[in-house]
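Chains, contacts and geometry: an overview
One letter stands for each residue in the lines below.
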Amino acid sequence: MPKSKVQKQEILRSLEKKIGAAKSIVFAGFNALEVKDNELLRDKLRQEQGEYYVAKKTLLGLAFKNQGVDGLDTKGLDGKIAAVFSYGDEVAAAKVLDTFRKDKGDKLYFLGGILEGKLLSKEEIEAVAKLPSKTELYARLVGSINAPVSGFVNALAGNLRNFVQVLKAIEEKK
């Protein structure tokens, strides 16, 4: 059953809110995605502060145009389109989709995306999906900052161990 003009306007307002709140948006094409797979993907995205949203290409295009995203041709994208909004970590949605599509094969695929207001191609989104998350980067940073201190502590501890061993050897000789 076709949607009324009022329903379409409500969907458009909802999409505009989502676009305004999202830190990144990934466009995914989907083929014969089963209901249980669809729900599983939505749950995984919710856990990562993301949202999977399917709407008509014309409504998506109009919502992006109203939000000031120029150059996006939703009608030129192949097949059915889902917009995956990431509200937390910028790369989280792309990582979840990448993991999911490896499991499901050709049922889900990247079409492009938007990061920091810049349109990204399919290849660029695939590269973003391979980036480490913010928490992984924080862990690496803390590890890098902590490495010199750990090395210094280990060096001091090594000297103390050697000193104790020398004292023990002297004690055994006497």
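Overview of the structure. Note that the structure is predicted; figures quoted are calculated from it, not measured.

Attention shifts here to the overall build of the chain. When helices and strands are tallied, the chain shows six helices and five strands. Helices and strands appear in the chain in the N-to-C order α-β-α-β-α-β-α-β-β-α-α. Its C-alpha atoms give the chain a radius of gyration of 26 Å, clearly above 16 Å, the size a compact globule of 174 residues would have. Partitioning the intrachain contacts of the chain with sequence separation of at least 6 by distance along the chain shows that 77% fall at a separation of at least 24. Taken as a whole, the chain presents about 11,300 Å² of accessible surface, with 56% of it coming from carbon and sulfur. Taking the average location of the 30 positive side-chain charges in the chain and that of its 23 negative ones, the two points are 2 Å from each other.

Throughout the structure, instances matching the rule amount to nine salt bridges. For Glu10, the salt bridge identified is with Arg13, shortest N-O distance 2.9 Å. One end of the pair is Glu10 and the other is Arg13, both in helix α1 (residues 5-21) and three residues apart, which spans about a single turn. Looking at Arg13, the relative accessible area reads 44%, which means it is partly exposed.

Here the focus is the side chain of Asp37. Considering the arrangement of structural elements, one finds Asp37 in helix α2 (residues 35-47). You can call Asp37 buried: its relative accessible area is 5%.

With that settled, the discussion passes to the nonpolar core. In terms of nonpolar packing, the biggest core is built from 21 residues, with Val26, Leu41, Leu45, Tyr52, Val84, Leu97 and Leu108 touching the most fellow members. Within the residue set of this core, elements represented by two or more residues are β1 (24-30), α2, β3 (80-86), α4 (92-104), β4 (108-115) and α5 (122-129). With five residues, α4 is the single largest residue contributor to this core. When residues no more than four places from it in sequence are discounted, the contact partners of Leu41 are Tyr52, Val96, Leu97, Phe100 and Leu108. Membership of the second largest hydrophobic core comes to 20 residues, among which are Ile19, Ala22, Ala55 and Ile81.

Here we come to the sheet that holds β3. By definition, the strands of a sheet pair up through backbone hydrogen bonds, in either a parallel or an antiparallel sense. As summarised here, the arrangement of the five strands in space is β2-β3-β1-β4-β5, forming an open sheet in which the pairing is antiparallel. Taken across any chain shown, the strands that pair with only one partner, and hence form the sheet edges, are β2 (50-54) and β5 (118-120). Within the sheet, the average angular offset between the axes of one strand and its neighbour, ignoring direction, is 20 degrees. Note that β1 and β3 share seven bridges and pair antiparallel. Directly across from Ser24, in β3, lies its bridge partner Ser86. The strands touched by α2 are β2, β3 and β4; relative to β2, the strand with the most contacts, the crossing angle is about 145 degrees. Against the sheet, α4 touches β1, β3 and β4, its axis set at about 170 degrees to β4.

Further remarks concern the packing of α4 against α5. The interhelical angle for the contact between α4 and α5, taken along N-to-C directions, is 95 degrees, at an axis separation of 8 Å. Our classification of the angle between α4 and α5 gives roughly perpendicular. Of the residues in α5, those touching α4 at Ala94, Lys95, Asp98 and Arg101 are Ile125, Glu126, Val128 and Ala129. Tallied by class, residues from the contact of α4 with α5 come to four nonpolar, no polar and four charged.

Turning our attention to helix α6 (residues 134-173). The end-to-end C-alpha distance of α6, which contains 40 residues, comes to 57 Å, matching closely the 58 Å that a straight helix rising 1.5 Å per residue would cover. Helix geometry: α6 is bent most strongly at Asn146, by close to 35 degrees, with proline Pro148 lying one to four residues after it.

Conventions adopted
Residues numbered from 1 in each chain as written. Predicted model: local features only at pLDDT ≥ 70, side-chain atom pairs only at ≥ 80, totals over all residues. Heavy atoms only, no water. Helix = DSSP H or I, 4+ residues; strand = E, 2+ residues; numbered from the N terminus. Rg over C-alpha atoms; globule rule 2.2 N^0.38 Å. Contact = heavy atoms within 4.5 Å. Areas by Shrake-Rupley, 256 points an atom, 1.4 Å probe, with all protein chains shown as cover. Lys, Arg positive; Asp, Glu negative; His and termini not counted. Charge placed at Lys NZ, Arg CZ, Asp CG, Glu CD. Salt bridge = Lys/Arg side-chain N within 4 Å of Asp/Glu carboxyl O. Buried < 20%, exposed > 50% of the residue type's maximum accessible area, 1.4 Å probe, protein only. Core = buried A, V, L, I, M, F, W, Y, C linked by side-chain atoms within 4.5 Å. Pairing = 2+ DSSP bridges. Axes fitted to C-alpha atoms, helices over the stretch in contact; angles between N-to-C directions. Parallel < 35°, antiparallel > 145°, perpendicular 65-115°, else oblique. Nonpolar A, V, L, I, M, F, W, Y, C, P; charged D, E, K, R; others polar. Expected span 1.5 Å × (residues − 1). Bend = angle between axes of the 7 residues up to and from the residue.

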